[in-house]
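Commentary on secondary and tertiary structure
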Amino acid sequence: MDKLVVHGGSTLKGAINISGSKNASLPILAAAILTGEDCIIRRVPDVSDTNYMIQILSALGADVERSSGTVRITCADIMDEAPYELVRRMRASICVMGPLLARKGRAVVSLPGGCVIGDRPVDLHLKGMKALGAKIEMEGGNITLTAPNGLKGAEMDLRGESGPTVLGTDNVMMAATLAEGTTIINSAAAEPEVLDLANFLNSLGAKITGAGTRRIVIEGVKELHGVEHTVIPDRIEAGTFMAAAALVGEGVTLNRVNQEHLTAITQAIVKSGHIVKFNEAGDSCFIQRGENPIGVDLNTSPYPGYPTDMQAQMTALLALTPGISVIKDSIFPQRFMHCAELKRMGADIKTDHGMAIVRGVKELSAAPVMASDLRASAALVLAALKAKGTTEISRLYHIDRGYEHIDEKLLMLGANVERVRV
Ligand code: EPU
């Protein structure tokens, strides 16, 4: 139960490297189940979520080795029941369901519980599996899917009330790689992480076209083989440091980024008056705090829209930006837990029905605050960097789920932070 002690008031300057994407790594690690051959996956961030996924794969019988950012996985022989004790810790463990079902003809996964950012159902995942011919039973909190004669390609629409589903698209895409015939996913998620998974699957020998668009076509193949793959940069980690640089930066360079993936975040930061410059290759950006920052309105939406995973961090920036900003989260309307903590630090925020109305204040003051989820904790770190005094952020394990060595990266940029073991 570490906590982060942030002495506010220092400025950020210099350069850091952005890590590989957590949300691309998780389904890619799970996809290794689809083949009995070696998969070597590079730039897997050292965060607790990827460690949970590796533990789940090991418990399923995979042979896994991790050496810094590189993970080698061999699923020569694999079991079809994912252990509840590990699965319950991370919602993304649901993405072992598709690969297990495709490889083994049976998958038993526990139903993910509620989550602080919203209900997070899996009905669309199951709709997709059913369309592929799986029989689904639920008992004792577990979902058992069976397809003893294999899965069959089908056309389906995976749109839910709030739009497409990222992990649902991933799950069905993985299952369909080994199905007989052609699968068409309409209203598919188009996030870069879905495209990275499709690229990984194609290099395993899958036949997927259209990933990165709303219509994905998968032609089933008989088997897949081993491969090496490098995960895309983490656009949310990059966005978080962009927001930090806009808040307390004196010129920060982020290397190993992907400009295209950062379009919506860049637009929001530039619109609020800051300067963002990419190099010609689009893999490095420089952020300079603007002289006259101004509030902006934001609404989260599926990619290429503004990401829900960058809502909390931008709320922290706007809490300290002159003017009124209206922030709406259409994907997870309950994802405003950070606002209560920001208010304890002096922010002027009113939340109502999936919306936050933020009136920028000149200053925040340090207070003991508690992280409630991954991105909410990042928002608290940002606020604490600017706040007057020393802020203690407890429950740091939330931030360690998805930010690789955040304290070390902040120290490299000149922040005054320390991780304290409690
Ligand atoms: N939804 C349904 N039914 C389903 C699945 C989703 O109604 O079966 C709804 C959700 O309730 C939500 C919307 O669809 O309103 C989108 O949820 P989605 O399924 O896309 O979320 P996810 O795939 O479970 C991933 C990321 C999240 C990110 C969301 C949205 C991973 C491991 N997780 O979750 O990342 O917020 O997409 O972009 O990729 C994070 O990194 O902090 C994080 C929470």
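That block above? That's the structure.
These lines cover the structure that appears in this document, whether it is placed above or below. (Residues numbered from 1 in each chain as written. Predicted model: local features only at pLDDT ≥ 70, side-chain atom pairs only at ≥ 80, totals over all residues. Heavy atoms only, no water.)

We now examine the overall build of the protein chain. Of the regular secondary structure elements, the protein chain holds 14 helices and 23 strands. Compactness check: the protein chain gives a C-alpha radius of gyration of 21 Å against a globular reference of 22 Å for 422 residues, within 12% of the reference. Principal-axis analysis of the C-alpha atoms places the extent of the protein chain at approximately 65 × 45 × 40 Å. Expressed as a percentage of the 422 residues in the protein chain, the buried residues total 58%. Once local pairs closer than 6 in sequence are excluded, the contacts in the protein chain between residues at least 24 apart make up 73%. As presented, the protein chain carries roughly 16,600 Å² of accessible surface, and 49% of it is formed by carbon and sulfur atoms. Charged side chains in the protein chain number 43 positive and 47 negative. The centres of these two groups are separated by 4 Å. (Helix = DSSP H or I, 4+ residues; strand = E, 2+ residues; numbered from the N terminus. Rg over C-alpha atoms; globule rule 2.2 N^0.38 Å. Buried < 20%, exposed > 50% of the residue type's maximum accessible area, 1.4 Å probe, protein only. Contact = heavy atoms within 4.5 Å. Areas by Shrake-Rupley, 256 points an atom, 1.4 Å probe, with all protein chains shown as cover. Lys, Arg positive; Asp, Glu negative; His and termini not counted. Charge placed at Lys NZ, Arg CZ, Asp CG, Glu CD.)

Moving on, we get to the site of the ligand. Within the structure, the ligand sits among 24 residues, and Asp-123, Leu-124, Thr-165, Leu-167 and Asp-309 are positioned closest to it. Side-chain polar atom of Lys-22 to an oxygen atom of the ligand: 3.1 Å apart, as the coordinates give it. Protein chains shield 90% of the accessible area of the ligand, which is 820 Å² for the free molecule. Sorting the residues of the shell around the ligand by element identifies helix 1 (22–31), helix 5 (123–131), helix 6 (166–176) and helix 12 (374–386) as the ones contributing at least two each. (Near = heavy atom within 4 Å. Polar contact = N/O pair within 3.5 Å; in protein donor to acceptor, adjacent residues only side chain to side chain.)

Tallied over the full model, the rule gives 2 cavities of 30 Å³ or more. There is about 50 Å³ of room inside the largest cavity. Taken together, Thr-240, Phe-241, Ala-244, Val-381, Leu-382, Leu-385, Ile-406 and Leu-410 make up the lining of the largest cavity. Those elements that provide at least two residues to the lining of the largest cavity are helix 8 (235–248), helix 12 and helix 14 (406–412). Of the residues belonging to the lining of the largest cavity, the class tally is 7 nonpolar, 1 polar and no charged. Space inside the second largest cavity adds up to approximately 30 Å³. Ile-18, Pro-233, Asp-234, Arg-235, Ala-238, Val-257, Asn-258, His-261 and Leu-262 are the residues that line the second largest cavity. (1 Å grid on protein atoms, 1.4 Å probe; cavity = no way out; pocket = protein on both sides within 12 Å on 5 of 7 lines; lining within 4 Å. Points joined across faces, edges and corners; volume = space filled by probe spheres on them. Nonpolar A, V, L, I, M, F, W, Y, C, P; charged D, E, K, R; others polar.)

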